[in-house]
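# Remarks on the overall topology
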Amino acid sequence: MAAVASPSGRPGRARRRKEARRWLREVKGILLLLLAAFGVVALAAFDPALSPADQQGPVGPVGVALGWALFQGFGYAGFLLPLLLGVVGVGVFVRPLVSLGWPPLVGLALILASATALLAQSTAALAGAAGPGRYGGLAGWAIAEGLRASLGEVGAWLVPLAGIPVGVLFVSQVS
């Protein structure tokens with residue numbers, strides 16, 4: 001049986017090149033961890049009862065704007081985005097927890113959409129009235145209203161509940 005030769009003729013060359021760029025990957029990991037911490041503080045310091053112009057937080061005007069955008073868009077599910085950045089940042093330094101490619105992105109989108117829809121549904125069930133900008137944010141309200149209009153109350157609860165484990169399967173790709 002003939003031995004397979006490497007394209008460059010040197011088997012260790014690709015590994016050395018990959019190790020030479022490791023520092024660049026680690027810089028990206030540190031930046032992702034920094035953004036995750038900034039996002040968590042921005043969301044934690046944001047008060048949805050006040051307008052963004054009336055707020056000053058430990059993260060400055062940029063953090064107030066980020067907190068407002070995440071909270072208005074996704075409600076409390078906006079905390080998932082800094083969490084995701086933190087997981088990806090830590091994954092640079094340890095064995096990756098998620099695989100690469102499009103399936104994890106689809107899974108994260110499913111988890112985020114399902115969480116926002118469930119938060120919007122919970123707000124409507126507890127408060128008796130649904131409206132944009134509640135705990136699920138505008139995205140959650142839109143998803144919940146679309147599901148409610150097409151599948152009714154039961155479907156509007158079941159689809160997001162099923163979306164979370166499906167999203168986890170896409171992210172982890174483990175049965």
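Residues numbered from 1 in each chain as written. Predicted model: local features only at pLDDT ≥ 70, side-chain atom pairs only at ≥ 80, totals over all residues. Heavy atoms only, no water.

The helix and strand inventory of the protein stands at six helices and zero strands. The proportion of buried residues among the 175 residues of the protein is 28%. Sequence separation of 24 or more characterises 69% of the internal contacts of the protein that already satisfy a separation of 6 or more. Here the protein has roughly 11,100 Å² of accessible surface; of this, 71% comes from carbon and sulfur atoms. (Helix = DSSP H or I, 4+ residues; strand = E, 2+ residues; numbered from the N terminus. Buried < 20%, exposed > 50% of the residue type's maximum accessible area, 1.4 Å probe, protein only. Contact = heavy atoms within 4.5 Å. Areas by Shrake-Rupley, 256 points an atom, 1.4 Å probe, with all protein chains shown as cover.)

What follows concerns the confidence of the model for the protein. Per-residue confidence for the protein averages 80 on the pLDDT scale, and 79% of its residues sit at or above 70. When pLDDT is averaged over each helix and strand of the protein, the minimum, 62, is found for helix 1 (residues 13-20) and the maximum, 89, for helix 6 (residues 137-172). (pLDDT = per-residue confidence, 0-100.)

Below, the discussion takes up helix 6. Taking 1.5 Å per residue as the helical rise, helix 6 with its 36 residues ought to reach 52 Å, whereas the 27 Å between its terminal C-alpha atoms falls clearly short. Residues of helix 6 that are buried: Gly137, Gly140, Ala144, Leu147, Arg148, Gly155, Ala156, Pro160, Gly163, Gly167 and Val171. Downstream of helix 6 by one or two residues, Gln173 has phi in the positive range, about 55°. (Expected span 1.5 Å × (residues − 1).)

Okay, the pattern of salt bridges next. Taken as a whole and judged by the stated rule, the model has two salt bridges. Here Glu145 and Arg148 are joined by a salt bridge, their closest N and O atoms 2.3 Å apart. Of this pair, Glu145 and Arg148 both sit in helix 6, separated by three residues, roughly a single helical turn. Counted as one network, the salt bridges with shared partners bring together Glu145, Arg148 and Glu153. (Salt bridge = Lys/Arg side-chain N within 4 Å of Asp/Glu carboxyl O.)

Below, the discussion takes up the side chain of Gln121. Of note, Gln121 is situated in helix 5 (residues 102-127). Once residues within four sequence positions are removed from consideration, Gln121 is found in contact with Ala144, Arg148, Glu153, Ala156 and Trp157.

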